[in-house]
Amino acid sequence: MSEKLRLAVLLSGTGRTLENLIEWERRGDLNAEVVCVASNRLKVRGLDIAHEAGIPTRAFKLSSFPDRAQRDAAMAGWALEQGCDLVVLAGYLSLLDLAGFGGITVLNIHPALLPRHGGEGCWGHHVHEAVLAASESESGCTVHLVDEEFDRGRILGQKSVPVLPDDDPDSLAARVFEAECVLYPETINRIARGALAI
Ligand code: GRF
């Protein structure tokens with residue numbers, strides 16, 4: 001794969017990860033373009049960011065569908081209609097039913113060095129609290145394939161950061177997020193140039 005990947009970004013909230021991918025794309029540093037953004041929540045900042053960047057958006061609220069499988073199938077169908085060839089989770093806070101995605105790869109980034117500090121309930125500040133409680137000397141982030149369980153798919157890349165003696169969950173989260181802002185686009189670029197098999 002050497003041409004630009006066409007990304008569908010799925011999110012649930014603030015959209016900082018999307019913002020970073022758009023920034024890399026604008027600078028010409030991303031071998032991919034964000035072709036659509038879907039959210040499982042209405043009126044989140046991530047949708048506003050996409051809208052301002054001229055990217056098609058749609059929200060798929062669970063209560064508008066009989067169940068999660070049908071919601072996810074609708075979301076997948078829409079993303080495929082937009083012509084995506086890779087799905088990127090960016091702060092998407094739900095399991096995803098992959099049946100509707102037609103075999104397209106789905107990536108996620110997690111704010112810890114998996115397999116430690118992942119799984120259900122281990123998201124956001126909970127992750128960094130757990131890392132500090134375990135007295136880890138390092139943390140970091142992990143890009144992995146998405147399967148039907150939280151944070152368990154094949155690991156594609158990791159980036160470490162130190163845990164400092166005076167860290168609190170916020171300071172650690174900020175350092176890890178800086179690493180995410182490099183690891184996620186670099187991993188997408190490795191996939192785009194065929195250097196990483198998915
Ligand atoms: C980050 O912690 C990332 O690891 C996880 O979602 C958070 C970013 O969310 N996947 P957002 O981009 O700020 O919405």
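About the cut-offs
- Residues numbered from 1 in each chain as written.
- Predicted model: local features only at pLDDT ≥ 70, side-chain atom pairs only at ≥ 80, totals over all residues.
- Heavy atoms only, no water.
- Helix = DSSP H or I, 4+ residues; strand = E, 2+ residues; numbered from the N terminus.
- Rg over C-alpha atoms; globule rule 2.2 N^0.38 Å.
- Buried < 20%, exposed > 50% of the residue type's maximum accessible area, 1.4 Å probe, protein only.
- Contact = heavy atoms within 4.5 Å.
- Axes fitted to C-alpha atoms, helices over the stretch in contact; angles between N-to-C directions.
- Parallel < 35°, antiparallel > 145°, perpendicular 65-115°, else oblique.
- Left-handed = near helix turned anticlockwise from the far one by under 90°.
- Nonpolar A, V, L, I, M, F, W, Y, C, P; charged D, E, K, R; others polar.
- Salt bridge = Lys/Arg side-chain N within 4 Å of Asp/Glu carboxyl O.
- Core = buried A, V, L, I, M, F, W, Y, C linked by side-chain atoms within 4.5 Å.

Student: Any chance you could break down the overall build of the protein chain for me, citing the residues and the numbers?
Tutor: Secondary structure assignment for the protein chain yields five helices and seven strands. Reading the helices (α) and strands (β) of the protein chain from amino to carboxyl end gives β-α-β-α-β-α-β-β-α-β-β-α. Since a compact globule built from 198 residues should have a radius of gyration of about 16 Å, the 16 Å found for the protein chain is in line with a globular shape. When the backbone C-alpha atoms are referred to their principal axes, the protein chain occupies close to 50 × 40 × 30 Å. Buried positions account for 47% of the 198 residues belonging to the protein chain. Partitioning the intrachain contacts of the protein chain with sequence separation of at least 6 by distance along the chain shows that 66% fall at a separation of at least 24.

Student: Give a detailed account of the packing of helix α1 (residues 16–27) against helix α2 (residues 45–52), specifying residues and quantitative values.
Tutor: The geometry of α1 relative to α2 is characterised by a closest axis approach of 9 Å and an angle of 20° between their N-to-C directions. As far as their axial angle goes, α2 and α1 are roughly parallel. Judged by the sense of rotation from one axis to the other, the crossing of α1 with α2 is left-handed. Two secondary-structure elements touch here, α1 through Arg16, Leu18, Glu19 and Ile22 and α2 through Arg45, Gly46, Ile49 and Ala50. Along the lines of polarity and charge, the residues of the contact of α1 with α2 split into four nonpolar, one polar and three charged.

Student: Residues and numbers for the pattern of salt bridges, please.
Tutor: Applying the stated criterion across every chain yields a total of seven salt bridges. A salt bridge links arginine 6 to glutamate 33, with the nearest nitrogen and oxygen atoms 3.6 Å apart. You can see arginine 6 sitting in strand β1 (residues 5–11) and its partner glutamate 33 sitting in strand β2 (residues 32–39), a full 27 residues away along the chain. With a shortest N-O distance of 2.7 Å, arginine 175 and aspartate 167 are connected by a salt bridge. The class for arginine 175 is partly exposed, based on a relative accessible area of 21%. Members of the salt-bridge network, linked through shared partners, are Arg68, Arg71 and Asp72.

Student: An account of the nonpolar core is needed here, citing residue identities and associated values.
Tutor: Leu7, Val9, Leu18, Val37, Leu107 and Ile188 are the most contacted members of the largest nonpolar core, which totals 41 residues. Here this core takes eight residues from helix α5 (residues 169–192), the largest share from any one element. Leaving out residues up to four positions away in the same chain, valine 9 has contacts with Leu18, Leu21, Val34, Cys36, Val37, Ala38, Val88 and Ala90. Ranked by size, the runner-up nonpolar core spans 19 residues in total, among them Leu10, Ala38, Leu96 and Val106.

Student: I'd like a description of the environment of leucine 114, backed by residues and values.
Tutor: Here leucine 114 lies in the loop between β5 (106–110) and α4 (125–133). By relative accessible area, which is 5% here, leucine 114 ends up buried. Not counting residues within four places of it along the chain, the set of residues in contact with leucine 114 comprises Thr142, His144, Asp151, Ile155 and Gln158.

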